[in-house]
Protein chains: 6
Amino acid sequence: MSTLITPKSALVVSAHSADFVWRAGGAIALHVEQGYQVHIVCLSYGERGESAKLWRKGNMTEATVKQHRQQEAQAAAEILGASVEFFDIGDYPLRADKETLFRLADVYRRVQPHFVLTHSMHDPYNYDHPLASNLAQEARIIAQAEGYRPGEPVVAAPPVYCFEPHQPEQCNWKPDVLLDITRVWEKKYRAIQCMQGQEHLWEYYTRVALQRGVQAKRNIGITAARDISHAEGFQSIFPRVTGDLA
Amino acid sequence: MSTLITPKSALVVSAHSADFVWRAGGAIALHVEQGYQVHIVCLSYGERGESAKLWRKGNMTEATVKQHRQQEAQAAAEILGASVEFFDIGDYPLRADKETLFRLADVYRRVQPHFVLTHSMHDPYNYDHPLASNLAQEARIIAQAEGYRPGEPVVAAPPVYCFEPHQPEQCNWKPDVLLDITRVWEKKYRAIQCMQGQEHLWEYYTRVALQRGVQAKRNIGITAARDISHAEGFQSIFPRVTGDLA
Amino acid sequence: MSTLITPKSALVVSAHSADFVWRAGGAIALHVEQGYQVHIVCLSYGERGESAKLWRKGNMTEATVKQHRQQEAQAAAEILGASVEFFDIGDYPLRADKETLFRLADVYRRVQPHFVLTHSMHDPYNYDHPLASNLAQEARIIAQAEGYRPGEPVVAAPPVYCFEPHQPEQCNWKPDVLLDITRVWEKKYRAIQCMQGQEHLWEYYTRVALQRGVQAKRNIGITAARDISHAEGFQSIFPRVTGDLA
Amino acid sequence: MSTLITPKSALVVSAHSADFVWRAGGAIALHVEQGYQVHIVCLSYGERGESAKLWRKGNMTEATVKQHRQQEAQAAAEILGASVEFFDIGDYPLRADKETLFRLADVYRRVQPHFVLTHSMHDPYNYDHPLASNLAQEARIIAQAEGYRPGEPVVAAPPVYCFEPHQPEQCNWKPDVLLDITRVWEKKYRAIQCMQGQEHLWEYYTRVALQRGVQAKRNIGITAARDISHAEGFQSIFPRVTGDLA
Amino acid sequence: MSTLITPKSALVVSAHSADFVWRAGGAIALHVEQGYQVHIVCLSYGERGESAKLWRKGNMTEATVKQHRQQEAQAAAEILGASVEFFDIGDYPLRADKETLFRLADVYRRVQPHFVLTHSMHDPYNYDHPLASNLAQEARIIAQAEGYRPGEPVVAAPPVYCFEPHQPEQCNWKPDVLLDITRVWEKKYRAIQCMQGQEHLWEYYTRVALQRGVQAKRNIGITAARDISHAEGFQSIFPRVTGDLA
Amino acid sequence: MSTLITPKSALVVSAHSADFVWRAGGAIALHVEQGYQVHIVCLSYGERGESAKLWRKGNMTEATVKQHRQQEAQAAAEILGASVEFFDIGDYPLRADKETLFRLADVYRRVQPHFVLTHSMHDPYNYDHPLASNLAQEARIIAQAEGYRPGEPVVAAPPVYCFEPHQPEQCNWKPDVLLDITRVWEKKYRAIQCMQGQEHLWEYYTRVALQRGVQAKRNIGITAARDISHAEGFQSIFPRVTGDLA
């Protein structure tokens with residue numbers, strides 16, 4: 001329902017600078033190929049909590065770690081075809097004040113996303129992730145309000161999807177959407193390989209994609225075999241509005 | 001993905017002969033207008049539990065009550081554009097043996113539904129409803145098995161949606177789909193009016209449709225105003241497989 | 001709202017012949033003192049599953065165990081001031097066919113209870129208990145239906161309360177009502193002492209009553225100290241209809 | 001159990017200045033008619049998030065919007081018979097520091113409420129609402145503590161009820177109390193009409209009252225027909241302490 | 001705490017004849033290596049629902065399919081070091097009468113298991129699995145009752161673990177135990193290869209073992225690196241009794 | 001798996017200075033007897049919220065109340081054999097800034113705990129308790145991060161157990177571990193008696209220990225009678241990694 005002039009768009013809110021790759025790289029690449037403009041906000045670089053390998057190298061400062069992480073994230077975003085910006089608000093712990101909230105609300109106003117991807121609501125292994133999810137959701141609500149920066153165009157009610165956490169059951173995360181990413185898998189895997197500091201996760205998330213792919217095939221409603229090998233799972237926050245149940 | 005020859009189809013499993021009208025009449029009419037063949041199975045006539053007004057008239061037997069109810073249900077199905085069959089297994093309590101299970105599995109095989117509508121999984125006010133839902137789900141599983149009547153074409157994994165129970169929160173029912181039924185509302189209301197024995201529910205379910213309509217408007221992802229006035233809510237049992245998140 | 005002629009009444013559905021004593025003895029005695037007629041249905045005698053001490057005595061048959069258990073239950077009911085009947089459908093496993101369902105529905109029609117007490121919906125230690133709860137609830141629904149034994153007076157929608165299981169958290173049982181049984185505690189304890197075969201539970205359920213008593217005091221809405229020492233907890237199945245929130 | 005001198009009282013904590021009308025107007029009017037003193041705290045005016053229509057008029061500043069909203073809320077409170085005060089802590093986002101927490105605790109100490117009404121614990125559409133609910137609950141706990149302003153009379157443990165959010169199932173809100181507001185409905189509707197900026201909600205909440213009214217009739221425990229047409233639903237946070245289960 | 005004479009033992013209750021391999025093959029092999037006697041009950045051969053490849057070969061009858069499946073299961077059990085018996089009660093649908101319940105209770109009495117493995121409590125893709133789990137749990141309760149076959153030695157309260165279903169999140173299955181099966185993985189994979197009719201699952205369950213292995217490493221409480229590569233997840237039904245929390 | 005040089009250790013994070021006694025005194029004493037070094041952090045003295053009796057004495061200031069409470073807590077810790085430190089961050093409300101978070105993370109680094117005990121995740125009666133639990137969990141995550149104080153030894157993934165809140169069901173707390181504290185009960189009760197200001201809780205928590213003791217006996221997997229009279233319940237946050245399921 002977008003006009004000819006404005007392309008569809010999507011917003012990804014990532015707590016640390018690599019999360020969007022493991023958890024939503026396929027969704028990003030797939031929608032970019034469909035003509036969406038996808039914009040990624042990395043709230044932090046994950047410089048403390050998700051850069052163990054870099055720190056173990058020695059001779060690192062927080063500034064150099066951040067620089068490494070930024071380069072990796074930018075390279076990955078480029079492969080996926082998305083734009084990326086970095087809020088650099090720090091991690092472990094991530095904390096967001098009102099200013100950050102408004103900054104993100106302003107991104108919503110600018111991007112006018114057709115859908116939003118972010119973290120799960122619960123994660124006992126990572127307190128930054130739910131905080132990022134709550135921030136993304138509250139900023140969306142602010143951006144919808146006529147009384148916030150009155151006169152600016154507000155945003156509608158884009159669906160919000162929580163992408164897959166590292167240990168899904170422990171996060172009470174239950175996917176209600178399985179996205180077929182078969183045709184962009186190679187692109188996602190190239191983006192994954194940008195994450196030089198987290199090689200131990202490459203095969204882990206390859207297997208995640210394969211498992212979700214098998215599950216996607218088990219949930220297809222029509223007998224015609226569809227050729228799905230890789231998928232990503234998402235959990236919706238809101239009900240979807242539709243005109244067709246098939 | 002249906003071919004030119006085989007139209008899309010849907011299956012509705014209704015515990016009593018009026019449930020499909022209140023709870024899924026909009027979905028039925030809407031999909032019929034889109035070219036689906038919709039088939040309804042009424043497991044019972046609701047002769048004991050949902051025919052209070054008829055019984056209060058006096059001079060009734062179970063046979064005459066069933067006859068009344070069958071006529072009403074057929075008239076409603078006709079308005080909605082669906083075919084209907086009656087298993088007549090009795091209500092209050094509904095009980096299903098293996099034979100009924102296989103009979104319903106055979107309907108699945110024959111209909112090859114692209115989606116299925118049935119009751120919620122929990123209802124403290126009505127034990128027949130969850131039983132019907134479980135029967136519908138188990139029959140679907142049987143119909144998927146190669147070893148059940150080997151050689152027959154099996155069914156795929158059509159999505160199953162639970163339609164709205166009478167007191168939704170008490171049934172732990174939470175809609176994740178809001179179906180816009182605005183353009184078929186008049187048709188649904190005419191079908192509702194066939195239920196002469198349950199006039200007290202006409203306005204109740206009109207209000208349900210209006211409330212779900214308002215909620216649908218609150219969950220649309222794009223700013224362009226869409227003209228929704230009436231909706232039906234559904235809760236999915238399975239994750240949906242898709243290629244587009246907007 | 002009862003008339004002068006018909007006293008208020010209550011129905012207790014107990015899987016085994018001692019359950020009503022441990023779990024609802026206070027509620028029974030308290031309401032009897034308030035003028036209610038309380039009727040207890042024991043579905044079984046608990047002859048297999050809850051009579052370990054009797055069996056260990058030796059020289060027992062199922063018939064003699066049942067006899068012992070019936071005497072104990074009758075003595076306890078008498079102390080509490082309630083009438084009791086025994087369905088004797090067997091335990092471990094308890095199984096209820098349609099006939100039992102209708103038999104219990106007929107008790108509902110006869111008793112016309114103002115409230116109902118029965119087991120929790122879940123109990124991994126005791127499969128008979130949830131079955132009894134489901135039977136009690138389905139029978140209530142049957143008894144409400146105009147089409148069941150047409151012409152008989154139906155029952156209204158009496159609230160149903162699940163009484164406390166042996167290991168409450170493991171049963172996902174969460175009390176939303178704390179009933180002050182302080183003034184009938186001595187009577188309940190005398191009824192408990194009728195259960196000669198389960199002495200190990202006497203002190204356990206005394207402590208339950210004391211703990212619930214302390215909790216009741218912590219949940220009183222007004223500053224005036226109320227003298228509660230013993231309580232019983234219950235979990236409601238249905239919302240209550242009221243005209244006062246205090 | 002109140003004495004002759006001190007009337008019963010209730011406290012309503014409303015995130016925005018209109019919430020108390022849609023969600024608890026019936027409860028307020030009903031208890032006022034029963035002699036309660038009901039006091040309302042509006043944490044904000046909803047000037048940003050719930051005043052879209054005012055902002056669309058143009059020529060508005062936050063100050064003028066607040067003024068409009070205050071007048072509407074005061075008019076509504078007057079119709080309902082309650083006192084109202086405004087904390088004016090801002091909305092979208094609502095944020096409460098310790099000072100606000102203590103300010104609300106002091107209101108508890110002054111009002112000594114017999115029950116408390118506030119928002120649901122979860123609302124993905126509105127982050128201000130759960131925050132208000134948590135604030136109301138934590139302030140109650142502070143007000144109960146002997147060591148907070150030692151020497152002042154503490155409050156007891158008044159029941160807390162969460163009133164109905166806009167999309168109840170999405171908020172995991174499940175009413176366990178249905179309050180019959182039939183005889184004060186006209187008064188509530190007049191209060192609703194004070195909300196000139198939110199006319200689209202008038203009919204929505206009229207239908208909510210009618211649906212809850214039908215549901216209340218379906219949950220009455222005695223056969224004598226009671227004439228309920230309108231109701232409000234509430235979810236309890238704490239177990240209630242009682243001496244009668246009917 | 002077993003004596004020198006009686007070895008420790010375990011019981012596995014499998015709905016279909018291959019389930020125990022995919023879901024618990026590692027646990028079986030590991031405990032056999034630790035000296036446990038592990039006994040497997042296959043309630044059915046999965047002849048209808050889990051033998052698609054065999055049926056597609058053509059020239060099959062239910063008898064020949066069962067024979068194939070039995071041979072595969074026996075070969076797998078032998079590799080794992082466990083004994084196996086087949087109840088042959090049919091699948092799709094699995095149904096258990098009292099006789100089957102008692103038959104399984106008698107197995108409990110004979111085996112006196114130190115722990116029990118069975119299916120998850122919920123599975124919308126497979127109704128046989130929860131039924132098997134409930135049967136296993138109810139039989140355990142029967143076997144604990146002094147009044148069932150009085151005079152026989154009863155069983156204690158062995159912990160029950162639900163093994164991993166095919167789509168874990170959809171089954172509301174959440175592992176609270178991760179069993180290190182690294183040193184028996186090769187044995188499990190050889191047992192898996194006995195399942196000639198379900199080759200598509202070999203790699204799926206290899207990946208499951210690798211993912212659970214990674215997760216196990218993430219949940220180890222001590223810094224000393226432990227070399228875990230493969231694991232199986234289990235969900236407990238009951239609290240465990242212990243004397244050490246590390 | 002600890003070396004000969006470093007003894008095993010445990011960390012207890014207590015919101016107020018008496019919580020660790022009621023809720024984990026047995027676990028502390030038991031592990032101390034097994035050679036663990038147990039360290040307790042009391043975030044506050046509970047000077048406002050849990051010192052009612054002291055305040056009622058009169059002539060108290062916050063400083064004198066704190067002093068009393070500290071002496072009691074130290075005496076109790078000494079009896080149990082644990083070291084204790086006091087963060088003194090205030091209670092009612094407890095609030096933790098980043099500095100407190102890092103201070104606690106540093107305790108983790110120093111103690112290198114093999115397991116952690118803290119409060120439940122939810123408590124509608126006490127907002128300080130969940131806040132303490134979240135602080136304990138987030139500090140653990142910080143302490144695990146290589147990038148926090150790079151170069152320092154990080155902590156592993158010690159299991160975290162939530163100890164029993166005052167009204168367990170209302171806190172959605174469900175124990176999955178029952179710790180046999182029979183042989184240290186006398187020591188725990190002596191520690192309890194140090195809490196002169198909260199005598200009303202002595203018998204309450206004695207009964208808690210007895211009830212959990214009975215439940216522990218009901219959950220033992222082997223027939224040999226074990227002599228358990230007292231226990232403490234705990235709820236795990238994370239899955240445990242093990243090599244033995246019995």
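Under an unreviewed UniProt entry, the name given to chain A is 4-oxalmesaconate hydratase, and the organism recorded is Kluyvera ascorbata.

Draft legend 1. Broad picture of the overall build of chain A. A count of helical and extended segments in chain A gives seven helices and eight strands. The C-alpha radius of gyration computed for chain A amounts to 18 Å, which stays within 12% of the reference 18 Å derived for 246 residues, consistent with globular compactness. If one aligns the C-alpha atoms of chain A with their principal axes, the spans along those axes are about 55 × 50 × 35 Å. Looking at chain A as a whole, 65% of its 246 residues qualify as buried. Contacts spanning at least 24 positions in sequence make up 76% of the contacts within chain A whose residues lie at least 6 apart. As displayed, chain A has an accessible area near 8,400 Å², and 50% of this comes from carbon and sulfur atoms.

Draft legend 2. Looking closely at the interface of chain B and chain A. With 45 residues of chain B at the interface, the matching set in chain A holds 44 residues. For the pair chain B and chain A, the summed buried surface comes to about 3,600 Å²; carbon and sulfur atoms form 60% of the total. Contact with chain A buries surface across chain B, with Arg240, Val241 and Leu245 of chain B losing the most and accounting together for 21% of the total. For the pair chain B and chain A, the number of links is zero salt bridges. Here the element with the most residues in the side of chain B that touches chain A is strand β6 (residues 177-180) of chain B; it accounts for four residues. The class makeup of the residues in the side of chain B that touches chain A is 29 nonpolar, nine polar and seven charged. Pairing between strand β8 (residues 240-242) of chain A and β6 of chain B: three bridges, direction parallel.

Draft legend 3. Structural detail: the relation of the copies chain B and chain A. Between the two copies, chain B and chain A, the superposition gives an RMSD of 0.0 Å; the rotation angle is 180° and the shift along the axis is 0.0 Å. What the rotation and shift describe, once combined, is the action of a two-fold rotation axis. For chain B, the minimum C-alpha distance to the rotation axis belongs to aspartate 176 of chain B and amounts to 4.7 Å. In this assembly the copies share their binding face: 98% of the residues contributing to the interface of chain B also contribute to that of chain A.

Draft legend 4. Highlighting the relation of the copies chain E and chain C. Least-squares fitting of chain E to chain C yields an RMSD of 0.0 Å, with the transformation described by 0.0 Å of translation along the axis and a rotation of 120°. Such a combination of rotation and displacement between the chain copies is what one expects of a three-fold axis. The C-alpha atom lying nearest the rotation axis in chain E is that of aspartate 97 of chain E; the distance is 7.5 Å.

Draft legend 5. Inspection of the pattern of salt bridges at higher detail. Taken as a whole, this structure holds 84 salt bridges over all chains when the rule is applied. Among the ionic pairs, arginine 95 of chain C bridges to glutamate 138 of chain E, the shortest N-O distance being 2.9 Å. Here arginine 95 of chain C, found in the loop between β3 (83-86) and α4 (98-111), pairs with glutamate 138 of chain E, found in helix α5 (residues 128-144), and the two come from separate chains. Here arginine 95 of chain C falls in the partly exposed class, since its relative accessible area comes to 35%. Residue arginine 48 of chain F is joined to glutamate 62 of chain F by a salt bridge in which the shortest nitrogen-to-oxygen separation is 3.4 Å. One end of the pair, arginine 48 of chain F, is in the loop between β2 (37-42) and α2 (52-57); the other, glutamate 62 of chain F, is in helix α3 (residues 62-80), with 14 residues separating them in the sequence. With relative accessibility at 32%, the residue glutamate 62 of chain F sits in the partly exposed group. Overlapping salt bridges bring together Glu33, Arg183 and Lys187 of chain A as one network.

Draft legend 6. Summary view of the sheet that holds strand β7 (residues 231-236) of chain B. Sheet architecture is open: eight strands sit in the order β8(A)-β6(B)-β7(B)-β5(B)-β4(B)-β1(B)-β2(B)-β3(B), paired in mixed fashion. Where the open sheet ends on each side, the last strands, each with one partner, are β8 of chain A together with β3 (83-86) of chain B. Adjacent strand axes in the sheet meet at a mean angle of 25° when their direction is disregarded. Here strand β5 (residues 160-163) of chain B pairs with β7 of chain B via three bridges, running antiparallel. Looking at the pairing, cysteine 162 of chain B lines up with glutamine 235 of chain B of β7 of chain B. Sheet strands touched by helix α1 (residues 19-33) of chain B: β1 (9-14), β2 (37-42), β4 (115-118), β5, β6 and β7 of chain B. Its angle to β7 of chain B, the strand with the most contacts, is close to 100°. Against the sheet, helix α5 (residues 128-144) of chain B makes contact with β1, β4 and β5 of chain B, and its axis sits at roughly 160° relative to β4 of chain B, the strand it touches most.

Criteria and thresholds
Residues numbered from 1 in each chain as written. Chains lettered and ligands numbered in written order. Predicted model: local features only at pLDDT ≥ 70, side-chain atom pairs only at ≥ 80, totals over all residues. Heavy atoms only, no water. Helix = DSSP H or I, 4+ residues; strand = E, 2+ residues; numbered from the N terminus. Rg over C-alpha atoms; globule rule 2.2 N^0.38 Å. Buried < 20%, exposed > 50% of the residue type's maximum accessible area, 1.4 Å probe, protein only. Contact = heavy atoms within 4.5 Å. Areas by Shrake-Rupley, 256 points an atom, 1.4 Å probe, with all protein chains shown as cover. Buried area = accessible area lost by both parts, 1.4 Å probe. Salt bridge = Lys/Arg side-chain N within 4 Å of Asp/Glu carboxyl O. Nonpolar A, V, L, I, M, F, W, Y, C, P; charged D, E, K, R; others polar. Pairing = 2+ DSSP bridges. Least-squares fit on C-alpha atoms with pLDDT ≥ 70 in both. Axes fitted to C-alpha atoms, helices over the stretch in contact; angles between N-to-C directions.

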